[in-house]
Amino acid sequence: MSTATQGRYTLDTSLTQLSKGSLILLTSLVLTMGFTFIGRVMVARIYGGTESTEYGIFSLAFVILNFCAALATLGFEFGIPRTIAYSRGRGDIDRAHRVIPVAILAGTVSSLIVALSLFSLSGTIATQIFGESQLALPLKILAAGLAFFVITKVICAIFQGFDNIVARAYFHDILRSVLFPILLIPWLFTEPSTIGVYYAYLASLVLPCIGLILYVKKRDSHELTRHLLPTKRIDQGAAKELLTFSLPLLLSATLQMIIGWSDSLVIGMIRSADEVGLYNAAYPAALFIFLPAAAVGGIYVPIASKLYGERNMPQLQENCRLMSKWIFWLSAPIILVILLWPKTVLSIFGPIYAENSATALRILSIGFILSNLTGIASGTLIAIGLPRFILMTNLVAAVINITLNFLLIPKMGINGAAIVSTVSFTVISILRAWKIRAVTGSLPFGPKLARSGIATGAAAFLAFVAFGSNYDLSLWSVPLVTLSLYGLTFVAAIITRSIEPADTALVRATTLRIGLYSRRLDRILSKLT
């Protein structure tokens, strides 16, 4: 087992890779989610913060596009990194390379088929399913960018399998999310244009793909890049291996999309585009809770797959437990801000959203807590080769989701949709945590995380009862309050003795890489454990 010494604790190389890769992904995801959120806020503001119908139509088009992208990707976004990393872990580099042309060819063909289908059926989807004729043209425009979107995902997944997350961070995450709000700026100062918003989104799908292809060509001398171009004969064995592993993940990803987005679709079918707009202010805000888990998960699967390929289960268990704790520490302040001050968070969209979506946001934040704590479980199940179990848990949750959506949304509207999402994500979390316990012998979280979580939550709640419930928190004070809650989480971790030598070693490794390490910091870290 390769290790790196950090202070008195011997840090496994896989944890060092996780700290480095997760920091890069966390930075890119902060920018990505931040600019994506800004883009949605700008769309809501372009149409006026006091009316939500046009924003609801945009949200429906966005959901349908992402459903189609998940279908066209064939599960490769998760299957490719695992298949390549697993082959590398077993020392079979040639087999890892043979997967690449299969992935690119299959992804290109499937994306073109799905894009043409969406373009042809856009009118039917708009009028017959949602009763919104205005939805047809946006679907046609976005269909033109679907193939570019999918190809970007596939190429980034290939790089990710070789521990290169820079391509994903720059092209899939940052560039795409930054371009959209930039392209929306002219519409903030002119007469609102429904079509202009969709052409801006189309450009944000096409331009990153072109940039990624140029990036690939520029790296012609690199060994990996030579295999990115599908010029060789397709290896049938590699195709079978990739598709066998990825297709269950395709079904799983589709079911995951149903769990995550069917509420918006059902609201659109049963209620109105106006309520879709209201709900899609609360849901994206709640997704910030998953930001740390997404950052860790992006680099966790390839590294965990290599450990599993090496049959290094003890280190795999240790990584899973430590990463779960760090996910909690990084997400707890976000959860608390959303849970305690939902109206303040939603006021950025406009007054109608703050007044009508706050309860839904609070319900979603409660529901996402357990899912966030067990978020690393999904990556572990993929790494150890259990995509079918992920499929089954998603199937169970999707059935519950769809059934409850049709029962609760007609009566309770967006609050009913939030309750359904909470139930669905909780079911998935419990089932996956149980499976991880059965396979690895340990849960992704332990007593130290529980103690730290209880202490943080109790202290924050008491502070809210004493001060926050009577204080109208302004939008501009949210960053300061969030930083204060990070301090509270840190103090709670110290008081409950939740900080371990491995945690301080991770901090040392990370600060060394970014040039913030010092002797004073080392002395502080030594005292924490």
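Residues numbered from 1 in each chain as written. Predicted model: local features only at pLDDT ≥ 70, side-chain atom pairs only at ≥ 80, totals over all residues. Heavy atoms only, no water.

Colleague: So what exactly am I meant to see when it comes to the overall build of the protein chain here?
Modeller: The helix and strand inventory of the protein chain stands at 23 helices and two strands. A total of 529 residues make up the protein chain; the buried ones form 57% of that total. Sequence separation of at least 24 residues holds for 83% of the intrachain contacts in the protein chain that already meet a minimum separation of 6. When the accessible surface of the protein chain is summed, it comes to about 21,700 Å², and 67% of that surface belongs to carbon and sulfur atoms. (Helix = DSSP H or I, 4+ residues; strand = E, 2+ residues; numbered from the N terminus. Buried < 20%, exposed > 50% of the residue type's maximum accessible area, 1.4 Å probe, protein only. Contact = heavy atoms within 4.5 Å. Areas by Shrake-Rupley, 256 points an atom, 1.4 Å probe, with all protein chains shown as cover.)

Colleague: I keep staring at the side chain of S262 and nothing clicks. Help me out?
Modeller: Looking at where S262 falls in the secondary structure, it is placed in helix α10 (residues 236–270). Judged by relative accessible area, S262 falls into the buried class, the value being 6%. Setting aside chain neighbours within four positions, we find S262 in contact with M257, N401 and N405.

Colleague: Which parts of the structure should I look at to understand a positive patch on the surface?
Modeller: A contiguous patch of positive charge, built from R519, R520, R523 and K527, is present on the exposed surface. Position of R523 among the secondary structure elements: in helix α23 (residues 519–528). (Patch = residues over 30% accessible without salt bridge, like charges linked within 9 Å, V, L, I, M, F, W, Y side chains within 5 Å. Salt bridge = Lys/Arg side-chain N within 4 Å of Asp/Glu carboxyl O. Lys, Arg positive; Asp, Glu negative; His and termini not counted. Charge placed at Lys NZ, Arg CZ, Asp CG, Glu CD.)

Colleague: Looking at this model, I keep getting lost on the nonpolar core. Mind explaining?
Modeller: Nonpolar side chains in soluble globular proteins generally cluster together in the buried interior. Counting 109 residues, the largest nonpolar core has I64, L135, I158 and F349 as its most contacted members. Tallying contributions element by element places helix α2 (residues 53–72) first for this core, with 14 residues. Those residues in contact with I64 that sit more than four places away from it in its chain are L118, I125, F130, L135, L139 and L265. (Core = buried A, V, L, I, M, F, W, Y, C linked by side-chain atoms within 4.5 Å.)

Colleague: Explain the pattern of salt bridges here, please?
Modeller: One pass over the structure, following the stated rule, counts two salt bridges. With its nearest N and O atoms 2.9 Å apart, the salt bridge here joins R271 to E275. Relative accessible area serves as the criterion here: at 17%, E275 is assigned to the buried category. Between K343 and E355 there is a salt bridge whose closest N-O contact spans 4.0 Å. On the criterion of sequence distance, the pair formed by K343 in helix α14 (residues 342–346) and E355 in helix α15 (residues 351–356) is long-range, its members being 12 residues apart. Residue class for K343 comes out partly exposed when judged on its relative accessible area of 45%.

Colleague: So what exactly am I meant to see when it comes to the packing of α2 against helix α6 (residues 146–161) here?
Modeller: In helix packing, the relevant descriptors are the interaxial angle and the interaxial distance, both defined with respect to the helix axes. Where α2 meets α6, the axes come as close as 10 Å, and the angle between the chain directions of the two elements is 50 degrees. Overall, the two elements α2 and α6 adopt an arrangement that is oblique. For the crossing formed where α2 meets α6, the hand is right-handed. Taken together, the residues of α6 that come into contact with α2 (itself represented by L65, N66, C68, A69 and A72) are L146, F149 and V150. (Axes fitted to C-alpha atoms, helices over the stretch in contact; angles between N-to-C directions. Parallel < 35°, antiparallel > 145°, perpendicular 65-115°, else oblique. Left-handed = near helix turned anticlockwise from the far one by under 90°.)

Colleague: Explain α2 here, please?
Modeller: Residues spaced three or four apart along an α-helix point in a common direction, a consequence of the helix completing one turn every 3.6 residues. Helix length check: α2 (20 residues) gives 29 Å between terminal C-alpha atoms against 28 Å at 1.5 Å per residue, within 8%. The buried count for α2 comes to 18 of 20 residues, which makes it a mostly enclosed element. A positive backbone phi angle near 60 degrees is found at L74, which sits one or two residues after α2. (Expected span 1.5 Å × (residues − 1).)

Colleague: Any chance you could explain α6 here in plain terms?
Modeller: With 16 residues, α6 should cover 22 Å at 1.5 Å per step; its first-to-last C-alpha distance of 23 Å lies within 8% of that length. The buried fraction of α6 is high, at 14 of 16 residues.

Colleague: How should I be thinking about the environment of F290 in this particular structure?
Modeller: Within the secondary structure layout, F290 lies in the loop between α11 (273–286) and α12 (291–309). With sequence-adjacent residues up to four places away left out, F290 is seen in contact with F368, S371 and N372.

Colleague: Looking at this model, I keep getting lost on the state of the cysteines. Mind explaining?
Modeller: Here, the word disulfide means a covalent bond between the sulfur atoms of two cysteines. Scanning all chains against the criterion turns up zero disulfides. Just so you know, C156 is unpaired, no disulfide at all, and the nearest cysteine sulfur is the one on C209, 9.1 Å from it. The buried category is assigned to C156, whose relative accessible area is 2%. We classify C209 as buried; its relative accessible area is 2%. (Disulfide = S-S within 2.5 Å.)

Colleague: Can you walk me through the packing of α2 against helix α5 (residues 136–143) in this structure?
Modeller: Packing of α2 against α5 brings their axes to within 10 Å, and their N-to-C directions diverge by 40 degrees. Comparing their axes, α5 and α2 come out oblique. The two elements α2 and α5 meet at a crossing, and its hand is right-handed. Contact residues: A61, I64 and L65 in α2; P138, L139 and L142 in α5. Residue composition of the contact of α2 with α5, by class: six nonpolar, no polar and no charged. (Nonpolar A, V, L, I, M, F, W, Y, C, P; charged D, E, K, R; others polar.)

Colleague: Is there a simple way to explain the packing of aromatic side chains in this structure?
Modeller: How two aromatic rings sit relative to each other is set out by the distance from centre to centre and by the angle between their planes. If you walk through the whole model with that rule in mind, you get 19 aromatic pairs. Aromatic side chains F58 and F62 sit 6.5 Å apart centroid to centroid with 25 degrees between the ring planes, which places their arrangement in the stacked category. Note that F58 and F62 are positioned in helix α2 at a spacing of four residues, about one turn of the helix. Residue classification places F58 among the buried positions, given a relative accessible area of 3%. Judged by centre distance (5.8 Å) and plane angle (40 degrees), the rings of F58 and Y198 are tilted. Residue F58 is found in helix α2, and its partner Y198 is found in helix α8 (residues 194–218); the two are separated by 140 residues along the sequence. In this arrangement the basic side chain of R40 is found over the ring face of F62, its NZ or CZ atom lying 4.7 Å from the centre. (Phe/Tyr/Trp six-rings, centres within 6.5 Å; stacked < 30°, edge-to-face > 60°. Lys NZ or Arg CZ within 6 Å of the ring centre and 35° of its normal.)

Colleague: Please explain the confidence of the model for the protein chain as it appears in this structure.
Modeller: Detailed reading of the predicted coordinates is not advisable wherever pLDDT is low. Predicted confidence across the protein chain gives a mean pLDDT of 76, with 71% of residues reaching 70 or more. Segment residues 1–11 is flagged for pLDDT under 50; beyond a separation of four residues in sequence, or across chains, it makes 30 contacts in the model. (pLDDT = per-residue confidence, 0-100.)

Colleague: Could you clarify how one ought to interpret the side chain of T32 in this entry?
Modeller: Its location among the elements puts T32 in helix α1 (residues 13–46). Polar contacts involving the side chain of T32 include one to the main-chain amide nitrogen of I174, which spans 3.5 Å. (Polar contact = N/O pair within 3.5 Å; in protein donor to acceptor, adjacent residues only side chain to side chain.)

Colleague: What am I meant to see in a nonpolar patch on the surface here?
Modeller: Residues I129, M269, I270, I402 and F406 make up a contiguous nonpolar surface patch of about 400 Å² in total accessible area. For the nonpolar patch, the elements supplying multiple residues, two or more each, are α10 and α18 (387–412). Mapped onto the fold, I129 is located in helix α4 (residues 93–129). Among the residues examined, I129 registers a relative accessible area of 41% and is labelled partly exposed.

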